[in-house]
Amino acid sequence: MQIMINKLSHHYGTSKALKNVTLTLPRGFTLLLGPNGAGKSTLFGLLTGLQKIEQGDITFDGQSLHHSRNTIMANMGVVFQQNTLDIDLTVQQNLSYFASLHGISEKKALQRISTLLEKLELKERLSTKVRNLNGGHRRRVELARCLIHNPSILLLDEPTVGLDMASRQLILSVVKNLTQQRPMSVLWATHLFEEVHSDDHLVILFKGSIVSDDICSTLLSVHKQPNIDALWQYLITENQ
Amino acid sequence: MYWRCFIGVLTREMLKFWQQRTRLLSALVRPLLWLFVFAAGFRSALGLSMTEPYSSYILYEEYIVPGLAAMIVLFNSMQSSLSMVYDREMGSMKVLLMSPVPRAFLMASKLIANTLVSAVQVYIFFAFALIVDVELSLLGYLYAFPIIMLLSLFLGALGLLLANYIKQLENFAGVMNFIIFPLFFLSSALYPLWKMREASEWLYRICAFNPFTTGVELLRFSLYEKLALYDLVTIIVLTSITFSLAVRSFRPKTSKGRLS
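Scoring rules and cut-offs
Residues numbered from 1 in each chain as written. Chains lettered and ligands numbered in written order. Predicted model: local features only at pLDDT ≥ 70, side-chain atom pairs only at ≥ 80, totals over all residues. Helix = DSSP H or I, 4+ residues; strand = E, 2+ residues; numbered from the N terminus. Buried ≥ 20, exposed ≤ 12 C-beta atoms within 10 Å, placed from the backbone. Contact = placed C-beta atoms within 7 Å. Nonpolar A, V, L, I, M, F, W, Y, C, P; charged D, E, K, R; others polar. Arc of directions from axis to C-beta. Domains from an automatic or database assignment. Core = buried A, V, L, I, M, F, W, Y, C linked by C-beta atoms within 7 Å. Pairing = 2+ DSSP bridges. Axes fitted to C-alpha atoms, helices over the stretch in contact; angles between N-to-C directions.

Trainee: Explain the overall build of chain B to me, please; I cannot follow it from the model alone.
Mentor: Tallying secondary structure elements over chain B gives 11 helices and 0 strands in all. Put simply, chain B runs from its N terminus to its C terminus through helices and strands in the order α-α-α-α-α-α-α-α-α-α-α. Split into buried and exposed, the 260 residues of chain B put 42% on the buried side. Of the contacts made within chain B by residues no fewer than 6 positions apart, 80% connect residues no fewer than 24 positions apart.

Trainee: Would you take a moment to explain the interface of chain B and chain A for this structure?
Mentor: Interface size is commonly expressed as the accessible surface area that is lost when the partners come together. Contact with chain B, which involves 25 residues of that partner, is made by 29 residues of chain A. Looking at the side of chain B that touches chain A, the elements that each hand over two or more residues are helix H1 (2-19) and helix H4 (92-97) of chain B. Classifying every residue of the side of chain B that touches chain A by side-chain character gives 12 nonpolar, 8 polar and 5 charged.

Trainee: Please clarify how helix H8 (residues 228-238) of chain A should be interpreted in this entry.
Mentor: One turn of an α-helix holds 3.6 residues; hence residues three or four places apart share an orientation. Residue and element names in this part refer to chain A. Along H8, the residues that are buried comprise Ile228, Leu231 and Trp232. Around the axis of H8, the buried residues are gathered within 100 degrees of arc, so they sit on the same side. In H8, the exposed residues that point more than 90 degrees away from the buried face are Asp229, Gln233 and Thr237.

Trainee: For this particular structure, what's the right way to read the domain arrangement of chain A?
Mentor: All names here are of chain A. If you check the domain split of chain A, you get domain 1 (9-75 + 151-240) and domain 2 (85-150). On a C-alpha basis, the centres of domain 1 and domain 2 stand 25 Å from each other. Facing 11 residues of domain 1, the contacting portion of domain 2 comprises 13 residues. The greatest single-element share of the side of domain 1 that touches domain 2, amounting to 4 residues, is contributed by helix H6 (residues 165-181). Considered class by class, the residues forming the side of domain 1 that touches domain 2 number 8 nonpolar, 2 polar and 1 charged.

Trainee: How do you make sense of the environment of B:Val120 when you look at a structure like this?
Mentor: Locating B:Val120 in the fold gives a position in helix H5 (residues 103-129). For the pair B:Val120 and B:Leu24, spaced 96 residues apart in sequence, the C-alpha to C-alpha distance is 9.5 Å.

Trainee: Sorry if this is basic, but what is going on with the nonpolar core here?
Mentor: Considering soluble globular proteins, one finds that nonpolar side chains tend to be buried as a cluster. With 138 residues, the main nonpolar core has A:Ile148, B:Leu151 and B:Leu219 as its most contacted residues. Among the domains, domain 1 (9-75 + 151-240) and domain 2 (85-150) of chain A are the pair contributing at least three residues each to this core. Residues within four places of B:Leu151 in sequence aside, it is in contact with B:Ala70, B:Val73, B:Gly215, B:Leu219 and B:Ile235.

Trainee: Where do I start with the sheet that holds strand E2 (residues 15-25) of chain A in this structure?
Mentor: In a beta sheet, neighbouring strands are held together by backbone hydrogen bonds and run either parallel or antiparallel to one another. All names here are of chain A. The strand order across the open sheet formed by 4 strands is E2-E1-E4-E5, and the pairing between neighbours is antiparallel. A strand with exactly one partner marks an edge of an open sheet, and here the two such strands are E2 and strand E5 (63-64). Across 2 bridges, the pairing between strand E4 (residues 55-60) and E5 is antiparallel. In the strand pairing of E5, Thr59 is matched with Ser64. Across the sheet, helix H1 (residues 40-47) lies against strand E1 (3-12), E2 and E4, angled at about 65 degrees from E2, the strand it touches most.

Trainee: Would you mind going over the sheet that holds strand E9 (residues 201-206) of chain A with me for this structure?
Mentor: All names here are of chain A. The strand order across the open sheet built from 6 strands is E6-E7-E8-E3-E9-E10, with neighbouring strands paired in mixed fashion. Edge positions in the open sheet fall to strand E6 (76-79) and strand E10 (209-215), since each of these has one partner strand only. Mean inter-strand twist for the sheet, computed between neighbouring axes without regard to direction, equals 15 degrees. Of the pairings in the sheet, the one linking E9 to E10 comprises 6 bridges and is antiparallel in character. The residue of E10 that forms the bridge with Leu202 is Asp214. Those strands touched by H1 are strand E3 (28-33), strand E7 (153-157), strand E8 (185-190) and E9, and its axis lies near 150 degrees from that of E7.

Structure, rendered in structure tokens:
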């Protein structure tokens, strides 16, 4: 599914969270880089339909959320910045609940849960209450949950914040492998430079505006910068 | 799709209820204290004349059983709404709202799941009431079931509506004190309306206007195999209005609103 964001603006009181954002998210992996307060979570709120679009529009393969909400939601998987698991339920109960919300039969759900947890090295935690999982494991469960219904759109809002290097690398590699195995549009929001790779489609969001949108290596050569840190400093200075 | 979604919501609510077994205990302790202690003390102080739906003079214990059953429904419905504030604060409300089925269906599923939890509590309470010889007919217990469901839907939708306008758990607990207690005490749950009229005409008018009184009387009549048609229609209309408003309030928010 191709996501097109057109002239999107959003404000909270007098402060503007997004300013005239226009962006096309093609199939594959797109990294949205921006500091805290750049407007990433607002953009996610609008993409997921949890916040109402005030100005501009978003379409998914030409369909708007307003008109085709159910079809789009059936194809969308989201990992929110905030933990959204039910900590009193087990891993399996959390995942089964989500599967049922997407109309997946219990038998099929159990098969998918088993496959996903194996991929995310969590199979032995199936009957563990989420309350007893560490932060890294919880994040992996959230990732498994957003993949149960085989979505073609994946939105991940800072999915690796606060995690150790091993968990971060595992989550990133699982998601990148998925984009290579099947046609998916993935938007990965982060403020961590070390998650950016030269072949990534990189979108930089700063103070509610898109300041750059291209393949990372192209951006480095166009702006004649040696690495992502230098590119960031350069673009931020340019857009202050 | 819809059926699986409903079963999923129902299973989750039942699992949560089972995990919070103290909630069942506390839900029952309150009305049982009222029935065993309060009613015993007030039996002689409160003389009850014969009024509909009763066909003979009754003991005070028998009078307050429908009111206490309605109290269980009231507290459980509001507590379920409280859990929605918790869900929203913990972010799990987002998961529900991202399901590819209409939000009205999701809200209705959540409410129906909670009504079943209420019904379980009420029937356990009826079993305890047998100890003080309040035994109703089998048909009465059966007729009461849809009424308990309806009353629970109404109060649940009311709680849902309130929950959506309350931003924090602490505020919600405060508001509950201003909603639950006035609804309960200004009703016919503990004393007949004519008693209230003897005390004060304006207090009587408030009690008569209170929709919880309508619900209590509807339940009271059903337990005696009678239909209070006006009360039934009133509760159905009120449920439709509050549910529509509750669903409407869960639509995506603009910049002034919240994420979920």
